[in-house]
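Structural description and commentary
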Amino acid sequence: MDHKEYKLYRVLSFIFFPAFIAAIEILVFAPFSKNIFGSLIIGLSFFTLYPTLSIYKKYLNGEIDLDVSDRLERPRIFASAITGFDACAGIFWFIGDRLMLAVSLSYFIVTTFIMLINFFSKISTHTAGLAGPITAAVFYFGIYYAPLYLLLLPVAYARFKLGMHNRFQLTAGAVVSTVLTYLIFSLVL
């Protein structure tokens, strides 16, 4: 792969970084929640800032690369994110915001499953982090948003070409996230 192609795949990976997609999901769903500003502050803090800063701190300390390529390093990153998602779920449950509770529980449960699967295979958080929010949008706003699933194709291709995942890991990330998100939204809403 030449340098130009490599840069393109890196840019795609960066744009579709799971914490950035989480920020978009919060921005999309917060206006439909019980408290738009509270949902924005809580969601962006725990879904985007907290996980991103956790990864970036370890990167600056030389403990990991930004892709968290080492499968054995991933559980600590996942555990940190899961703690934030759990806190969000608790807050949204307490204030009775079912929509944001569904979003928080989806992230909590999907990330927990991915962490557990990670002990056997380095499942793709990029495909999971995109498929879950798309599933939430399709569930809540309607089937008209289903074409967004096509975004998984360039993301999966980029991650594959960069050597980060094999086809199974990419597919598993998307499938696990889609199924669990759909089940959680079905149960909570």
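Report follows, based on the coordinates. Being a predicted model, the structure only gives us computed values, none of them experimental.

What follows deals with the packing of aromatic side chains. Taken as a whole and assessed by the stated rule, the structure comprises 17 aromatic pairs. With a centroid separation of 5.8 Å and 55 degrees between ring planes, the pair formed by phenylalanine 141 and tyrosine 145 is classed as tilted. With a relative accessible area of 27%, phenylalanine 141 lands in the partly exposed category. Linked through ring pairs, Phe29, Phe32, Phe139, Tyr140, Phe141, Tyr145, Tyr182 and Phe185 together constitute an aromatic cluster.

The next point concerns the nonpolar core. In this structure, Ile26, Phe29, Phe47, Phe92, Val103, Tyr107 and Phe185 are the most contacted members of the largest nonpolar core, which totals 22 residues. Elements supplying a minimum of two residues to this core: α2 (18-29), α3 (36-60), α4 (74-95), α5 (98-118) and α8 (167-188). Element by element, the count of residues in this core is highest for α5, at six residues. Apart from the residues within four sequence positions on either side, isoleucine 26 is in contact with Pro31, Ser39, Leu40, Gly43, Leu44, Phe47, Met100 and Val103. Listed in part, the 14 residues of the second largest apolar core include Leu12, Ile21, Val155 and Ala174.

Our focus in this paragraph is α8. A rise of 1.5 Å per residue sets the reference length of α8, with its 22 residues, at 32 Å; its end C-alpha atoms lie 32 Å apart and thus fit the reference within 8%. Within the sequence span of α8, burial applies to Gln169, Leu170, Ala172, Gly173, Ala174, Val176, Ser177, Leu180, Thr181, Ile184, Phe185 and Val188. Summarising the contacts, the buried residues of α8 are in contact with α5, α6 (125-141) and α7 (152-161). Of the residues that open α8, the one with a side-chain oxygen 3.0 Å from the backbone nitrogen of phenylalanine 168 is asparagine 166.

Parameters at a glance
Residues numbered from 1 in each chain as written. Predicted model: local features only at pLDDT ≥ 70, side-chain atom pairs only at ≥ 80, totals over all residues. Heavy atoms only, no water. Phe/Tyr/Trp six-rings, centres within 6.5 Å; stacked < 30°, edge-to-face > 60°. Buried < 20%, exposed > 50% of the residue type's maximum accessible area, 1.4 Å probe, protein only. Core = buried A, V, L, I, M, F, W, Y, C linked by side-chain atoms within 4.5 Å. Helix = DSSP H or I, 4+ residues; strand = E, 2+ residues; numbered from the N terminus. Contact = heavy atoms within 4.5 Å. Expected span 1.5 Å × (residues − 1). Polar contact = N/O pair within 3.5 Å; in protein donor to acceptor, adjacent residues only side chain to side chain.

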